[in-house]
Amino acid sequence: MLKIAYHPIYKHPLPKGHRFPMIKYELLPEQLLHEGTCSSGNFFEPERMLDEKPILNVHEPIYFYDLLNLTLDKRAARKIGFPLSETLIEREIVIADGTIKASKHALKYGVAMNIAGGTHHAYSNRGEAFCMFNDQAIGARYLLNEKLAKKILIVDLDVHQGNGTAEIFQNDPNVFTFSMHGKDNYPFVKEQSDLDIALENNTDDTTYLKILKETLPKLIDEQQPDFIFYLCGVDVIASDKLGKLAMTLDGCKERDHFVLKTCKNNNIPVMCSMGGGYSPEIKTIVDAHANTFREAQGIFF
């Protein structure tokens, strides 16, 4: 069955007027249950990891403990964009645990999801843009260290480049990083992924899907991954406040269908983290994210 990591801590209280749509983490599981795409049995509750080693295998100890002890300097904290607190740091650790456990479920069922995650702007030694711990990097390193995977492909289709992920794996031949993102969007100074495809502003469904459909199967043939992490941000749609592309909801859904179907057809387990989505109407964000779960349920089960 489709296993989905979710914990109430995902919806973290933020100051009034904050631009991050934290409420989506509450509304998305409610929507999936309401429409019958999922039942309560699909969800599992991750925990605050007592063993910090999976995080420390990715992030430098001084950075990790500065976050944990709330001693990160103010300038570094501002780059993250959330007011730091013990509960926020606990939330990030729970999200990382959700991605690790979802990865193990994907090995069993072919696919698994995390309602949150996709924190690809977190570097080994710093955080930025709402990202503190890089959940998919933590999950990938865990699978490799536990000998559960030998070659991992990270497919990052958030509208923003996975700069932190690129930095973390820049010298790791066992992880291939693929980021397809807006050329003129954050981060304005890009890192070098193993493969970067920078899209022009206002890229539409036809152009986007053509590039993706030409690229992903070729990558799989060349790299022969035995596990895929899919970062399925919905900030590629035209209404997104931080996006700059011109995709429709249907185009974004077709993107998810293609990636998940390609994984299924190649018998490669895939773990999905949700990534960004910043459309003005929360309904649009939730519907776009829900499409990913609908597609996973329909394709794999």
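This text gives an overview of the structure that appears in the document. Everything numeric in this text was worked out from a predicted model, so none of it was measured.

### Description of the layout of surface pockets
By volume, the largest pocket amounts to about 360 Å³. If you go around the largest pocket, you meet 29 residues; those closest to its centre are Phe20, His121, Ala129, Phe130 and Tyr278. Counting only elements with at least two residues in the lining of the largest pocket, the list comes to α1 (24-35), α4 (74-80) and α5 (86-109). A class-by-class count of the residues in the lining of the largest pocket yields twelve nonpolar, nine polar and eight charged. In this model, the second largest pocket occupies a volume close to 210 Å³. Elements represented by at least two residues in the lining of the second largest pocket include exactly α2 (53-56), α5 and α6 (135-145). A per-class count over the lining of the second largest pocket returns five nonpolar, two polar and six charged.

### Description of the state of the cysteines
Note on terminology: disulfide describes a covalent bond linking the sulfur atoms of two cysteines. With the rule as written, the count across this model stands at zero disulfides. Just so you know, Cys38 is unpaired, no disulfide at all, and the nearest cysteine sulfur is the one on Cys272, 12 Å from it. Accessibility expressed as a relative area gives 5% for Cys38, which makes it buried. No disulfide involves Cys252; its sulfur sits 8.4 Å from the nearest other cysteine sulfur, which is in Cys232.

### Thoughts on the nonpolar core
By size, the foremost hydrophobic cluster in this structure holds 96 residues, and its most contacted members are Tyr10, Ile115, Ile152, Phe178 and Tyr208. The element that contributes the greatest number of residues to this core is α5, accounting for nine residues.

### A few points about the side chain of Thr203
Here Thr203 lies in the loop between β6 (195-199) and α8 (205-223). Beyond its immediate sequence surroundings of up to four residues, Thr203 is in contact with Tyr208, Leu245, Ala246 and Met247.

The rules behind these values
- Residues numbered from 1 in each chain as written.
- Predicted model: local features only at pLDDT ≥ 70, side-chain atom pairs only at ≥ 80, totals over all residues.
- Heavy atoms only, no water.
- 1 Å grid on protein atoms, 1.4 Å probe; cavity = no way out; pocket = protein on both sides within 12 Å on 5 of 7 lines; lining within 4 Å.
- Points joined across faces, edges and corners; volume = space filled by probe spheres on them.
- Helix = DSSP H or I, 4+ residues; strand = E, 2+ residues; numbered from the N terminus.
- Nonpolar A, V, L, I, M, F, W, Y, C, P; charged D, E, K, R; others polar.
- Disulfide = S-S within 2.5 Å.
- Buried < 20%, exposed > 50% of the residue type's maximum accessible area, 1.4 Å probe, protein only.
- Core = buried A, V, L, I, M, F, W, Y, C linked by side-chain atoms within 4.5 Å.
- Contact = heavy atoms within 4.5 Å.

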